[in-house]
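# A look at the structure
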Amino acid sequence: MPVGAWDSHMHVTSPDYPLATSAAYKPSLHSLDHAMTFEKTIGINNIVLVQPSIYGNDNSCLLDALKEIGPTHGRGVVAFDPDDIASDTLQKWHRLGVRGVRLNFKSTNEPFNPDAVKQTLRKYAAIVKPLDWVIELFIDLEQLRFITDIMPELGVKFCIAHFGAPDMKRWTSYPSDASDVPGMQHLTTLLAQADNLWVKISAHYRFDLSIDNMAGTEAITKLLLNTARDKMIFASDWPHTRFEGLDVKPFVSRCLDWTEKFEAKDLVFRDNARRLWDCI
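Scoring rules and cut-offs
- Residues numbered from 1 in each chain as written.
- Predicted model: local features only at pLDDT ≥ 70, side-chain atom pairs only at ≥ 80, totals over all residues.
- Heavy atoms only, no water.
- Helix = DSSP H or I, 4+ residues; strand = E, 2+ residues; numbered from the N terminus.
- Buried < 20%, exposed > 50% of the residue type's maximum accessible area, 1.4 Å probe, protein only.
- Contact = heavy atoms within 4.5 Å.
- Areas by Shrake-Rupley, 256 points an atom, 1.4 Å probe, with all protein chains shown as cover.
- Lys, Arg positive; Asp, Glu negative; His and termini not counted.
- Charge placed at Lys NZ, Arg CZ, Asp CG, Glu CD.
- Phe/Tyr/Trp six-rings, centres within 6.5 Å; stacked < 30°, edge-to-face > 60°.
- Lys NZ or Arg CZ within 6 Å of the ring centre and 35° of its normal.
- Right-handed = clockwise from strand over helix to strand, strands pointing away.
- Pairing = 2+ DSSP bridges.
- Axes fitted to C-alpha atoms, helices over the stretch in contact; angles between N-to-C directions.
- Core = buried A, V, L, I, M, F, W, Y, C linked by side-chain atoms within 4.5 Å.
- 1 Å grid on protein atoms, 1.4 Å probe; cavity = no way out; pocket = protein on both sides within 12 Å on 5 of 7 lines; lining within 4 Å.
- Points joined across faces, edges and corners; volume = space filled by probe spheres on them.
- Nonpolar A, V, L, I, M, F, W, Y, C, P; charged D, E, K, R; others polar.
- Expected span 1.5 Å × (residues − 1).
- Salt bridge = Lys/Arg side-chain N within 4 Å of Asp/Glu carboxyl O.

The name an unreviewed UniProt entry assigns to the chain is Amidohydrolase, from the organism Aureobasidium melanogenum.

Written out as structure tokens, the structure reads:
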């Protein structure tokens, strides 16, 4: 593991914090201490805490953990209502290490309305641009085609979570040609053309048909590394919500191998994350 590596997507949860009415599950206790104990096993001590959907716009659990770890080793991606957020609140969060806002179009049951989504992106971009924050999207890969025209023009950094949630069940040439993944060409085209887009190599177990040998994950990762190795960042997705107990170490090991072959290990595990999350 490169010295100074970052885990760019993980969560802390606790039953002590109130759940959103739309929460899809009840969390166990996954404290910052638990998180850092895990991170030590893979050689990482810098983390990005991402707001889980179960807490809605109440970022208390994340912010309390961020206060504890401090901005030297921690960054945060929060959730908030763009129509009800105060500038001084954003500034306070920024001082704690928050550097992004998460928009979750994947874990909700709401229909994807392209016009409404574009308007939402404009609202968030106007708010976070002065802070140089990231807009993180948890979105279906195939939905990218509806917003590829607006993303380059908004003047903010975007990050696509979890490979873009590829639909591997509809991948007709699985796993030989990753460019055939439905929606993948929208992502690779955007990566090649835009300088404000990053992708998280993470949560393969949520999508891959061959979790054990990770054949599909390997093909997608290599395609993305070949397209834009300076825009890929590693993330563990700990504690693997709804997949608790999963051993992610084989994935971490394979990621180290794949990135080394592309001479991109330092980039994917450290340098790209430091640039994206304003850690330089």
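As a further point, take the overall build of the chain. From N to C terminus, the chain includes eight helices and eight strands. The C-alpha extent of the chain, read off along each of the three principal axes, is 50 × 45 × 35 Å. By residue count, 55% of the 280 residues in the chain fall in the buried class. By sequence separation, contacts in the chain at least 24 residues apart represent 75% of the contacts at least 6 residues apart. Carbon and sulfur atoms make up 46% of the accessible area of the chain, which amounts to about 12,100 Å² in all. Positive and negative side-chain charges of the chain, numbering 30 and 36 respectively, have mean locations separated by a distance of 2 Å.

Before going further, it helps to spend a moment on the packing of aromatic side chains. The full count for this structure, using the stated rule, is 10 aromatic pairs. Ring geometry for F80 versus W93: centroids 6.5 Å apart, planes at 45°, classification tilted. Taken together, the residues F80 in the loop between β3 (74–78) and α3 (87–96) and W93 in helix α3 connect sequence positions 13 residues apart. Judged on exposure class, the residue F80 and its partner W93 are both buried. Positioned above the aromatic ring of W198 is the side chain of K231, whose terminal nitrogen or guanidinium carbon lies 5.6 Å from the ring centre.

A word on the pairing of strand β1 (residues 6–10). β1 sits mainly inside the fold: five of its five residues count as buried. In terms of handedness, the path from β1 via helix α1 (residues 32–41) over to strand β2 (residues 46–50) forms a crossover that is right-handed.

Turning our eyes to something else, we now look at the sheet that holds strand β7 (residues 197–201). Taken in spatial order, the eight strands make up an open sheet running β1-β2-β3-β4-β5-β6-β7-β8, and their pairing is parallel. Bordering the open sheet on either side are β1 and β8 (232–234), each of which pairs with just one other strand. Sheet twist, expressed as the average angle between the axes of neighbouring strands with direction ignored, equals 25°. As paired elements, β1 and β2 share three bridges and run parallel to each other.

Moving on to the nonpolar core. Among the nonpolar cores identified, the biggest contains 81 residues, and F80, L121, I135, L137 and L187 are the most heavily contacted of them. Ranked by size, the runner-up nonpolar core spans 12 residues in total, among them W6, V134, W198 and I233.

Right, let's talk about the side chain of Q143 for a bit. You can see Q143 is positioned in the loop between β5 (134–138) and β6 (157–160). The exposure class assigned to Q143 is buried, which follows from its relative accessible area of 14%. Setting aside chain neighbours within four positions, we find Q143 in contact with F105 and F112.

So, on to the layout of surface pockets. As a volume, the second largest pocket reaches approximately 360 Å³. Along the walls of the second largest pocket sit 18 residues, with S107, F138, R206, T241 and R242 positioned nearest its centre. Here the residues of the lining of the second largest pocket are counted per class, giving six nonpolar, seven polar and five charged.

The next subject is helix α8 (residues 265–276). The terminal C-alpha atoms of α8 lie 16 Å apart, and with 12 residues this matches the ideal 16 Å at 1.5 Å per residue to within 8%. Of the residues making up α8, those classed as buried are V268, F269, R270, N272, A273 and L276. Of the residues one or two after α8, D278 is the one with positive phi, at around 60°.

Quick look at the pattern of salt bridges now. Counted under the stated rule, the structure contains 14 salt bridges. The salt bridge partner of D140 is K106, with a shortest N-O separation of 2.7 Å. Of this pair, D140 sits in the loop between β5 and β6 while K106 sits in the loop between β4 (98–104) and α4 (114–128); the two residues are 34 residues apart in sequence, bridging distant segments of the chain. Overall, D140 belongs to the partly exposed group, its relative accessible area being 23%. Residue class for K106 comes out partly exposed when judged on its relative accessible area of 32%.

Time to look at empty space enclosed by the protein. For the coordinates displayed, the defined rule picks out one cavity of 30 Å³ or more. In this structure, the largest cavity is lined by F163, P166, M168, H204, F207, D208, T217 and I220. Taken together, the residues of the lining of the largest cavity break down into five nonpolar, two polar and one charged.

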